[in-house]
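So you can see what is in the structure, the chains are spelled out below.
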Amino acid sequence: MLALSLVAFVGCKKDKDKQKEVTVDNLVGTWEVYKSYYADEDGSEWDDEWGAAVQYQQLLTINANGTGVMEHIDDVNKYTISFTYKIEPGYVTITDSYGDTEKAKVKSLTAKELVLEYSYGGNETGAEYYKRIK
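These notes cover the structure that comes with them. (Residues numbered from 1 in each chain as written. Predicted model: local features only at pLDDT ≥ 70, side-chain atom pairs only at ≥ 80, totals over all residues. Heavy atoms only, no water.)

## Describing the overall build of the protein
Each helix and strand in the protein was counted, giving 2 helices and 9 strands. In sequence order, the protein lays out its α and β elements as α-α-β-β-β-β-β-β-β-β-β. Counting every position in the protein, which comprises 134 residues, the buried fraction comes to 32%. In the protein, the proportion of contacts linking residues at least 24 apart, taken out of those at least 6 apart, comes to 40%. (Helix = DSSP H or I, 4+ residues; strand = E, 2+ residues; numbered from the N terminus. Buried < 20%, exposed > 50% of the residue type's maximum accessible area, 1.4 Å probe, protein only. Contact = heavy atoms within 4.5 Å.)

## Looking at the pairing of strand 9 (residues 125–132)
Looking at chain direction, strand 1 (residues 29–39) and strand 9 are connected through 8 bridges and run antiparallel. Looking at strand 9, one finds that W31 is bridged to R132. (Pairing = 2+ DSSP bridges.)

As structure tokens, then:
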């Protein structure tokens, strides 16, 4: 009986880490950036740390109706930007309330993590790493 319970527990853990299809159902929720990466055309690269511990948070809430909210919180300010999104195979296109649009490749999507990659033209690239908080 104990062995069966252990197998069931390990099996559930693996399911949460399994790559998911990019669908509304798999994206809906609240995600928090925990790391970002950027490389520019001259070869410069850097990683940024995020989270309450470093006093800079970015929360992404994705709703089932094609809308969402991006919330930026630092030690001085808090502001919110609403957006709409569209899903294409392997990509999410986000248009914010100012009319700016970005298309991101979904590099990874599991029950607990979302990784979005951006291409800014030329050799400039970036990625944001999110953990699910709701």
